Protein chains: 2
Amino acid sequence: MHWLIRWLTNSSLLAWTILFCLSAATSSFSTTNMADFPPPKDYSHLIFETKQDNTKWFHERGPLWQGQAFSLQIKEVLYHQKSLFQDVLVFDSEHHGKVLVLDGVIQCTERDEFSYQEMMAHIPLYAHPDPKKVLVIGGGDGGVLREIARHPGVEEIVICELDKDVIDVSKKYLPFMAEGFDDPRVKVNIMDGAKFMEENQSSFDVIITDSSDPVGPACVLFETPFYKAMHGSLREGGIICTQGECVWLHVNLIQPLVKAITPLFTTVEYAYCTIPSYPSGQIGFIIASKGGKGCKVPTRTPEASVQKELRYYTPDIHQASFVLPAFAERAIFGSDR
Amino acid sequence: MHWLIRWLTNSSLLAWTILFCLSAATSSFSTTNMADFPPPKDYSHLIFETKQDNTKWFHERGPLWQGQAFSLQIKEVLYHQKSLFQDVLVFDSEHHGKVLVLDGVIQCTERDEFSYQEMMAHIPLYAHPDPKKVLVIGGGDGGVLREIARHPGVEEIVICELDKDVIDVSKKYLPFMAEGFDDPRVKVNIMDGAKFMEENQSSFDVIITDSSDPVGPACVLFETPFYKAMHGSLREGGIICTQGECVWLHVNLIQPLVKAITPLFTTVEYAYCTIPSYPSGQIGFIIASKGGKGCKVPTRTPEASVQKELRYYTPDIHQASFVLPAFAERAIFGSDR
């Protein structure tokens with residue numbers, strides 16, 4: 001067996017995280033480019049398996065969710081190439097539609113992607129009274145853009161995606177998500193979002209970071225300097241929403257991050273949604289504001305015609321998504337109950 | 001490969017459910033016993049695998065969640081026998097503590113069982129203003145009993161479990177759950193819960209059905225006659241809480257059940273909790289009342305000393321758990337938004 005899988009399985013989450021974060025930290029925060037990262041690995045030998053009954057499966061095992069694995073049955077592999085930054089795989093599954101996988105980790109399935117995209121976009125946008133300019137960092141599949149485009153009041157949507165291949169592949173194989181790129185308000189930058197934010201101070205009402213897990217290129221997106229950059233690029237009254245991992249797996253990662261950024265923002269809160277194809281079946285969002293009273297209660301609600309098109313978000317789900325189980329509330333925010 | 005796995009994989013959810021429900025329906029509803037069921041199968045060849053890196057894994061594939069599988073890394077198999085009713089497996093996992101598996105399906109892991117047990121017990125108990133007598137059907141692992149025992153006002157706790165082996169195995173290998181049997185208010189009946197309810201009309205304030213999935217012995221627990229029996233055994237003002245599967249997988253099973261039992265009860269509602277080791281990472285509860293205004297808002301809250309011991313339930317989570325994603329609210333309750 002390849003040495004890597006043994007190492008992945010045996011190494012602790014902490015060691016793994018520290019290793020990659022240190023590796024990323026050695027490069028300058030605002031000059032992220034392909035030279036900062038090792039060449040993408042080939043994950044084929046780890047993730048594909050043909051069972052004795054001739055069914056083909058994709059396996060997701062990762063150092064951030066040790067001892068558990070999620071598998072999807074493959075109908076057909078549509079695309080599998082290394083981009084400049086990562087291993088990019090798209091397959092059609094037997095029961096979950098098209099699936100995008102980066103570096104061996106499921107990013108979205110056609111069956112359940114709507115929960116993540118809707119919640120990541122609509123929580124900050126409906127919490128904000130009048131968002132005009134929105135920045136998306138990452139999100140190259142276009143799903144978050146698709147949801148932002150449902151807000152008629154938004155005038156400009158800028159996306160900074162580092163990996164052009166993710167956009168191209170999504171446009172070809174995931175048109176139900178990539179349709180977000182079709183909105184005339186969308187402006188695409190193939191560049192490091194942190195660099196873009198440094199050059200655009202006090203510019204945005206909402207900034208959404210739709211990132212992969214804190215391993216490799218996405219590691220810096222889970223560090224305080226990145227949150228400082230978002231704060232600087234926000235207008236007064238602005239709101240950020242970032243991928244915040246899972247309380248069942250990562251409170252030890254979420255808690256110090258929330259603590260570190262609390263002095264930067266007026267409010268720092270945490271919401272989540274359920275999404276079966278992500279590890280442990282849910283994903284969270286760190287939601288922080290520059291001014292304001294917090295984002296738990298929406299200040300606007302979807303028009304009836306928009307609500308009919310939404311499959312996960314409602315104003316009630318917005319509020320409920322901030323209510324955490326006792327163990328998570330204690331671990332992240334130090335609640336005494 | 002054994003024919004079964006190919007059949008399981010290819011057959012549709014509907015066909016599978018109908019087959020087993022029809023099979024169960026041919027036996028009299030109130031005389032469930034071992035003669036009604038085929039002998040338990042051996043699942044060893046389906047669920048165990050040793051990887052090339054010598055790690056050992058348990059795989060959960062099932063007809064109720066086609067095309068997806070969840071796996072846990074095994075440290076040691078502690079028990080694996082057929083009981084009169086089912087294949088009973090207990091293993092110690094590398095990262096999820098002790099795991100109980102019935103007929104190849106994970107029933108609980110030491111790491112996350114608290115969410116299901118707490119929510120299943122405390123939602124109906126804190127919704128009820130003064131529960132004195134509580135009936136548990138199934139729940140042989142003792143976890144729900146452990147939670148009911150936290151309510152000092154409860155005077156009597158009756159459990160009807162069909163499979164004595166599940167109780168014995170849990171007492172030996174899952175003491176953190178089976179401690180629920182130690183409470184002096186608990187009375188154990190090894191028998192069919194439906195038969196017990198027929199003999200005990202208008203007797204209970206809360207009835208909790210902690211069942212496995214609607215395949216084989218548990219199939220009748222997802223049918224209207226069983227809900228009629230619960231209604232009959234409830235006192236006026238009483239509340240039932242039953243295992244209600246997962247909205248991401250089973251709205252087609254939940255919706256007709258909710259519709260069928262709505263005329264029986266004063267209120268019929270649906271709540272859920274997240275639990276990573278169940279298929280799709282969450283499980284729901286059908287909660288219905290005989291009288292009353294519904295159970296979404298607790299009428300009592302845990303004392304501070306009890307709340308400190310709880311890891312999932314809070315009065316806020318109680319209310320939030322009834323807020324469903326738009327797609328589920330539409331599918332189950334026909335919401336127009």
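This one's a predicted model, so the numbers in the text were calculated from it and none came from an experiment. (Residues numbered from 1 in each chain as written. Chains lettered and ligands numbered in written order. Predicted model: local features only at pLDDT ≥ 70, side-chain atom pairs only at ≥ 80, totals over all residues. Heavy atoms only, no water.)

A. Geometry of the overall build of chain A. Along its length, chain A carries 13 helices and 13 strands. Among the 337 residues that make up chain A, the fraction classed as buried is 64%. Expressed as a percentage of contacts within chain A between residues at least 6 apart in sequence, the contacts between residues at least 24 apart total 67%. About 12,300 Å² of surface is accessible on chain A, with carbon and sulfur atoms providing 53% of the total. (Helix = DSSP H or I, 4+ residues; strand = E, 2+ residues; numbered from the N terminus. Buried < 20%, exposed > 50% of the residue type's maximum accessible area, 1.4 Å probe, protein only. Contact = heavy atoms within 4.5 Å. Areas by Shrake-Rupley, 256 points an atom, 1.4 Å probe, with all protein chains shown as cover.)

B. The sheet that holds strand β9 (residues 186-189) of chain B, seen in detail. Residues and elements named next belong to chain B. Sheet architecture is open: 7 strands sit in the order β9-β8-β7-β10-β11-β13-β12, paired in mixed fashion. Of all the strands in the sheet, the pair left with one neighbour each is β9 and β12 (267-274). For this sheet, the mean angle separating the axes of adjacent strands, direction not counted, is 15°. Packed onto the sheet, helix α9 (residues 224-233) meets β7 (133-138), β10 (204-210), β11 (234-243) and β13 (282-289) and runs at close to 145° relative to β11. (Pairing = 2+ DSSP bridges. Axes fitted to C-alpha atoms, helices over the stretch in contact; angles between N-to-C directions.)

C. Focus on the pairing of β11(B). Residue and element names in this part refer to chain B. Burial runs high along β11: 7 of the 10 residues are buried. Strand direction decides the pairing type here: β11 and β13, joined by 5 bridges, are antiparallel. Of the residues in β13, the one forming a bridge with Ile240 is Ala288.

D. Looking closely at the environment of Arg235(A). Residue and element names in this part refer to chain A. Position of Arg235 relative to the elements: it lies in strand β11 (residues 234-243). Taking relative accessible area as the criterion, Arg235 reaches 30% and is therefore assigned partly exposed. It is 18 Å that separates the C-alpha atoms of Arg235 and His122, two residues lying 113 residues apart in sequence. When neighbours within four sequence positions are excluded, Arg235 is seen to be in contact with Lys132, Lys133, Ser202, Ser203, Phe204, Asp205 and Lys290. Reaching out from Arg235, the side chain makes a polar contact with the backbone oxygen of Ser203 at a distance of 3.3 Å. (Polar contact = N/O pair within 3.5 Å; in protein donor to acceptor, adjacent residues only side chain to side chain.)

E. Spatial organisation of the packing of aromatic side chains. All names here are of chain A. For the coordinates displayed, the defined rule picks out 22 aromatic pairs over all chains. Seen in terms of ring centroids, Phe226 and Tyr227 are 6.4 Å apart; in terms of plane orientation they differ by 90°. Their pairing is edge-to-face. A relative accessible area of 1% places Phe226 in the buried class. Residue Tyr227 is classed as buried on the basis of its relative accessible area of 0%. (Phe/Tyr/Trp six-rings, centres within 6.5 Å; stacked < 30°, edge-to-face > 60°.)

F. Spatial organisation of the pattern of salt bridges. Residue and element names in this part refer to chain A. Scanning the entire structure with this criterion turns up 27 salt bridges over all chains. One salt bridge in this structure joins Arg185 and Asp183, with 2.8 Å as the shortest N-O distance. Linked by salt bridges that have partners in common, Glu113, Arg146, Glu147, Arg150 and Glu309 make up one network. (Salt bridge = Lys/Arg side-chain N within 4 Å of Asp/Glu carboxyl O.)

G. How the structure looks around the UniProt feature "active site" (unreviewed entry) in chain A. All names here are of chain A. Residues given the UniProt feature "active site" (unreviewed entry) here are Asp210. Of note, Asp210 is situated in strand β10 (residues 204-210). The residues touching Asp210, leaving out its near neighbours within four places in the chain, are Tyr116, Gln117, Met120, Ile137, Gly138, Gly139, Asp141 and Val144. Separated by 2.6 Å, the side chains of Asp210 and Tyr116 make a polar contact. (UniProt positions renumbered as here; feature names shortened; annotations may be inferred.)

H. Inspection of the interface of chain B and chain A at higher detail. Counting residues at the interface gives 53 residues for chain B, matched by 53 residues for chain A. Of the roughly 4,600 Å² buried at the junction of chain B and chain A (both faces included), carbon and sulfur atoms supply 56%. Inspection of the chain B/chain A interface yields 4 salt bridges. Between Asp53(A) and Arg61(B) there is a salt bridge; the shortest N-O distance is 3.5 Å. Taken together, chain B and chain A are joined by 18 residue pairs in polar contact (both at pLDDT 80 or more). Looking at the side of chain B that touches chain A element by element, the count peaks at 6 residues for strand β3 (residues 68-82) of chain B. Considering only residue class, the side of chain B that touches chain A consists of 22 nonpolar, 18 polar and 13 charged. Here strand β3 (residues 68-82) of chain A pairs with β3(B) via 5 bridges, running antiparallel. (Buried area = accessible area lost by both parts, 1.4 Å probe. Nonpolar A, V, L, I, M, F, W, Y, C, P; charged D, E, K, R; others polar.)

I. Quick peek at the side chain of Gln107(B). All names here are of chain B. In this fold, Gln107 is placed in strand β6 (residues 105-109). Of the residues examined, Gln107 reaches a relative accessible area of 14% and is grouped as buried. Within the structure, the side chain of Gln107 is placed 3.1 Å from the backbone oxygen of Val105, a separation counted as a polar contact. Non-local contacts of Gln107, meaning those with residues more than four positions away in its chain, are made with Leu100, Val101, Leu102, Ser212 and Tyr278.

J. Region of interest: helix α10 (residues 247-261) of chain B. Residue and element names in this part refer to chain B. If you check α10, its first and last C-alpha atoms are just 18 Å apart, much less than what 15 residues at 1.5 Å a residue would give, namely 21 Å. Where α10 bends most, the angle comes to about 45°, and this point is Leu253, followed within four residues by the proline Pro256. Taken together, the buried positions of α10 are Val247, Trp248, Leu249, His250, Val251, Leu253, Ile254, Leu257, Val258 and Ile261. (Expected span 1.5 Å × (residues − 1). Bend = angle between axes of the 7 residues up to and from the residue.)

K. Local environment of the sheet that holds β11(A). Residues and elements named next belong to chain A. Pairing within the open sheet is mixed, and its 7 strands lie in the order β9-β8-β7-β10-β11-β13-β12. Edge strands, defined here as strands with exactly one partner in the open sheet, are β9 (186-189) and β12 (267-274). Pairwise comparison of adjacent strand axes, ignoring direction, gives a mean angle of 15° for this sheet. Each of β7 (133-138), β10, β11, β12 and β13 (282-289) is contacted by helix α4 (residues 113-127), which is oriented at about 160° to β10, the strand it contacts most. Against the sheet, helix α9 (residues 224-233) engages β7, β10, β11 and β13, with an angle of about 145° to β11.

L. Region of the structure containing the side chain of Ser211(A). Residue and element names in this part refer to chain A. Along the polypeptide, Ser211 turns up in the loop between β10 and α9. Overall, Ser211 belongs to the buried group, its relative accessible area being 10%. Excluding its chain neighbours within four sequence positions, the residues that come into contact with Ser211 are Tyr116, Leu221, Phe222 and Gln243.

M. Spotlight on the relation of the copies chain B and chain A. Overlaying chain B on chain A yields an RMSD of 0.0 Å, the required transformation being a rotation through 180° with an accompanying axial translation of 0.0 Å. Taken together, the rotation angle and the small translation identify this as a two-fold axis. Most of the interface of chain B is mirrored in chain A, where 100% of its interface residues are also at the interface. (Least-squares fit on C-alpha atoms with pLDDT ≥ 70 in both.)

N. Representation of the nonpolar core. Among the nonpolar cores identified, the biggest contains 166 residues, and Ile148(A), Phe285(A), Ile148(B) and Phe285(B) are the most heavily contacted of them. For Ile148(B), the contacting residues outside a window of four places in its chain are Ala121(B), Leu125(B), Val134(B), Val136(B), Val154(B), Ile157(B) and Ile208(B). (Core = buried A, V, L, I, M, F, W, Y, C linked by side-chain atoms within 4.5 Å.)

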